[in-house]
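Architecture at a glance
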Amino acid sequence: MHEMLTLEQALAQNLSDAAPEVATALIDTIGAIAQACARISDLAGQGMLAGAHGLADSANSQGEAQKKLDVLSDELMSHHLDGCRHVAGWASEEHECHLLSKQHARKGRYLVVYDPLDGSSNIEANISIGTIFSVLPHVYSGMLPTDSSYMQPGHEQLVAGYVLYGPATIMVLSCRRGVLMFTLDKRSGAHGEPMRWLLTQEAVQIPAHTKEFAINASNQRFWEKPVQRYIAECVAGENGPRMKDFNMRWVASMVAEVHRIMTRGGVFMYPRDTREPRKPGRLRLMYEAAPMAMLVEQAGGRAVNGTSELLDLIPDTLHQRVPVILGSREEIDRIVSYHADPHENVSWQLFKTRSLFVQPQA
Ligand code: AFP
């Protein structure tokens with residue numbers, strides 16, 4: 001087998017058109033995140049042996065109960081980011097406010113936003129979980145970052161990525177120059193050396209067509225009509241207007257769902273619903289939707305909230321929630337067209353009779 005490139009080598013190649021000091025700073029920052037994630041992978045991989053299962057007796061920024069692994073992963077990310085001279089500060093799902101680097105808050109050129117452990121309801125079930133991260137410019141480098149320093153639309157991200165802790169630990173990232181996939185070499189890291197990530201795929205592309213969708217169908221009664229229509233048509237299969245059978249998946253770890261889409265295409269939706277009208281969606285814009293949107297777009301897919309591109313949304317708050325619809329481009333174009341035409345989705349009689357995806361009465 002030919003020699004694989006390490007993370008640092010692959011990034012140097014990928015960033016060869018950037019100014020040398022920018023390439024170095026980005027490679028160092030990604031390296032710090034990668035080392036944190038290698039340690040999270042180790043903790044997650046030890047399962048109950050690490051004593052990291054169960055609740056932590058605390059709540060996160062939004063009042064959700066934290067798991068021990070949420071807290072430990074957050075501490076590992078903070079620790080490694082604090083050691084990186086290019087990072088001025090960071091914001092995490094686990095903290096209400098952003099945090100400042102102890103030594104580099106003024107001089108650092110980047111801000112990092114992350115979800116340290118996505119899919120934490122899956123920890124004890126030993127189902128894939130992940131970390132999602134995004135690197136933004138610290139526009140007023142030289143000054144201390146504030147909450148408003150983070151309020152940048154997704155298309156300003158310099159790096160977006162996730163790490164999937166599954167049978168293999170895989171990091172997928174983009175520096176706006178396509179999508180790279182790395183695998184953690186779990187045999188590395190002996191004698192206290194940093195663990196190695198090896199490039200296992202580059203120029204990742206999401207197929208434009210798919211016959212697979214992922215949605216939490218238990219929320220069907222709360223969905224808006226365009227989503228009701230799209231799913232009803234998929235479920236109708238060969239006999240419906242799509243004239244083909246679809247398959248459905250739901251892992252409840254966004255990282256795992258997006259990774260499946262990266263490898264074979266598909267659609268992932270956590271759409272707007274009417275459960276809590278003040279919350280337009282479940283997923284968080286800054287550390288779930290925006291980084292995943294950039295990765296999907298860089299791989300040739302599309303990511304929207306139904307009517308707008310996710311990368312165009314300007315956050316109002318660190319923990320803002322948004323509807324998320326992303327994946328294979330042709331399907332997302334179709335879903336956007338359903339959202340755009342209020343008449344197109346109102347009555348499609350055939351599926352009023354179906355049991356699982358019954359159209360609600362208008
Ligand atoms: P947790 O990290 O709280 O488990 O949430 C995971 C998540 O943010 C995302 O990864 C899943 O797609 C989604 O929530 C699952 O939501 P449901 O529990 O409604 O299926």
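This one's a predicted model, so the numbers in the text were calculated from it and none came from an experiment.

Overview of the domain arrangement of the protein
On domain assignment, one finds that the protein holds domain 1 (7–201) and domain 2 (212–339). One C-alpha centre belongs to domain 1, the other to domain 2; they are set 24 Å apart. Listed as interface residues are 50 residues of domain 1 and, on the opposing side, 32 residues of domain 2. Taken over both partners, the interface formed by domain 1 and domain 2 buries close to 2,900 Å², and the fraction arising from carbon and sulfur atoms is 66%. If you sort the residues of domain 1 by the area they bury against domain 2, I132, M151 and Y162 come out on top, with a joint share of 21%. For the pair domain 1 and domain 2, the number of links is 1 salt bridge. For the salt bridge of E93 with R284, the shortest nitrogen-to-oxygen distance reads 2.8 Å.

Quick word on the sheet that holds strand β10 (residues 196–201)
Taken together, the 8 strands give an open sheet; going across it, the order is β4-β3-β5-β6-β7-β8-β9-β10, and neighbouring strands pair in mixed fashion. At either margin of the open sheet sits one strand with a lone partner, and together these are β4 (99–100) and β10. Taken together, the 4 bridges between strand β8 (residues 169–174) and strand β9 (residues 180–185) define a ladder with antiparallel strand orientation. Within the sheet, the bridge partner assigned to M171 lies in β9 and is F182. Most of the contacts of helix α2 (residues 20–45) go to strand β5 (residues 110–118), to which it runs at about 15°, and overall it touches β3 (87–92), β5, β6 (129–137), β7 (159–165), β8, β9 and β10.

The rules behind each value
- Position numbers for residues count from 1 along each chain, tracking the sequence in the order it is written.
- With pLDDT at 70 or above as the cut-off, local features in this predicted model cover only qualifying residues; side-chain atom pairs require 80 or more to be listed or tallied, and sums for whole chains, interfaces and linings still use all residues.
- In computing side-chain values, all of the structure's heavy atoms are included and hydrogens and water are not.
- Note that domain bounds follow an automatic or database assignment of domains.
- In what follows, a contact means two residues having at least one pair of non-hydrogen atoms within 4.5 Å.
- Buried area: the sum, over both parts, of the accessible surface (1.4 Å probe) that disappears when the two are put together.
- Each salt bridge in this description consists of a side-chain nitrogen of Lys or Arg and a carboxyl oxygen of Asp or Glu lying within 4 Å of one another.
- By this definition, two strands are paired if DSSP reports at least two bridges between them.
- Helix numbers and strand numbers start at the N terminus; a helix is a DSSP run of H or I with at least 4 residues, a strand a run of E with at least 2.
- Helix axes are fitted to C-alpha atoms over the stretch in contact, other axes to C-alpha atoms as well, and angles between N-to-C directions run from 0 to 180 degrees.

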